[in-house]
Each structure stands twice: as C-alpha cells, then as structure tokens.
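Spelled out from the first residue to the last, the chains are:
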Amino acid sequence: MNIGLVAHDAKKKLMENFCIAYRHILARHSLYGTATTGRLIEDATNLTIYKYLAGHLGGVQQIGTQISHNQMDMIIFLRDSISLKPHEPDSTTLERLCDIHNIPIATNLATAELLVKALERGDLSWREVVR
C-alpha cells in the first residue's frame, strides 16, 4: 500500500516517534512524504521514504495529485491546529481529496494509530480492489 506522511513543524517529532513505534508495519509498504518530514523519518527509522518537495513548496500538492490518480491508499497528516505557521501547508485540500476519493486520512495521533493497526490486520485490503 502507498502511505503519505506529512507533519507540520510542531508535529514532526511526534511523526518520527510514531514511525519508530510502527516501523515493523510501515516497512512493508511504500512510504511517501514531504521533504523535511520524509528526511526526518528516514533518519530516525532507516525506512525508505519517497520524498516530494517541501510541503509549502508543492509537496502537499504532489501528494494530492497521487490521491487524485488513485495512487495513494492512506494519508497521515499530523497537523498543528493551534500554532499553524504561515509557511505550513493547509490540510483541508488533502482532506477534501481524501473524502472525494475515499482515502483514509488521519490528522492526529489517535487516528493514525487506528489506521496503522487496521493496516496491519488487513482491514484496508479493500483499497487494493479499488486500485
């Protein structure tokens, strides 16, 4: 499965720790991330991350394009709703695309954990039929 990983600045460390904790599950899938988030995850976990541009330079749009072409199966976008910086990407575009194309998306740690555990159990295998 193709999994998109994005995190606002204040959530990057949380994303790193999440990926460390679930490395054994994520390692069996293709991972895509925006530049800095992808590099940080790669450095912390030794997972291979296909890295797009930085989120504010078009990386989020690149992931959105994959969603639009049904090439993404799950998105984890850990967003900071409290102290969003002007350069950080807005999550609403990805949320809207995920709604349109029926792609599961997590925007917080609790939902991310539920999705990755469902992925491990095979609960998201229906995505392979859709693709």
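The notes below deal with the structure included here. (Residues numbered from 1 in each chain as written. Predicted model: local features only at pLDDT ≥ 70, side-chain atom pairs only at ≥ 80, totals over all residues. Heavy atoms only, no water.)

Take the sheet that holds strand E4 (residues 74-78) next. With respect to topology, five strands assemble into an open sheet ordered E3-E2-E1-E4-E5, the strand pairing being parallel. Among the strands making up the open sheet, the edge pair consists of strand E3 (49-51) and strand E5 (105-106). Of the strand pairs in this sheet, strand E1 (residues 2-7) and E4 are connected by five bridges, and their pairing is parallel. Across the sheet, residue Ala7 finds its bridge partner in E4, namely Leu78. Sheet contacts for helix H3 (residues 35-45): E1, strand E2 (30-33) and E3; angle to E3, the most-contacted strand, approximately 155°. (Pairing = 2+ DSSP bridges. Helix = DSSP H or I, 4+ residues; strand = E, 2+ residues; numbered from the N terminus. Contact = heavy atoms within 4.5 Å. Axes fitted to C-alpha atoms, helices over the stretch in contact; angles between N-to-C directions.)

To continue, consider unusual backbone geometry. One non-glycine residue with positive phi stands out, namely Asn46, at about 65°. Along the chain, the position of Asn46 falls in the loop between H3 and E3. With phi around 55°, Asn70 is a residue other than glycine that occupies positive phi space. Here Asn70 lies in the loop between helix H4 (59-68) and E4.

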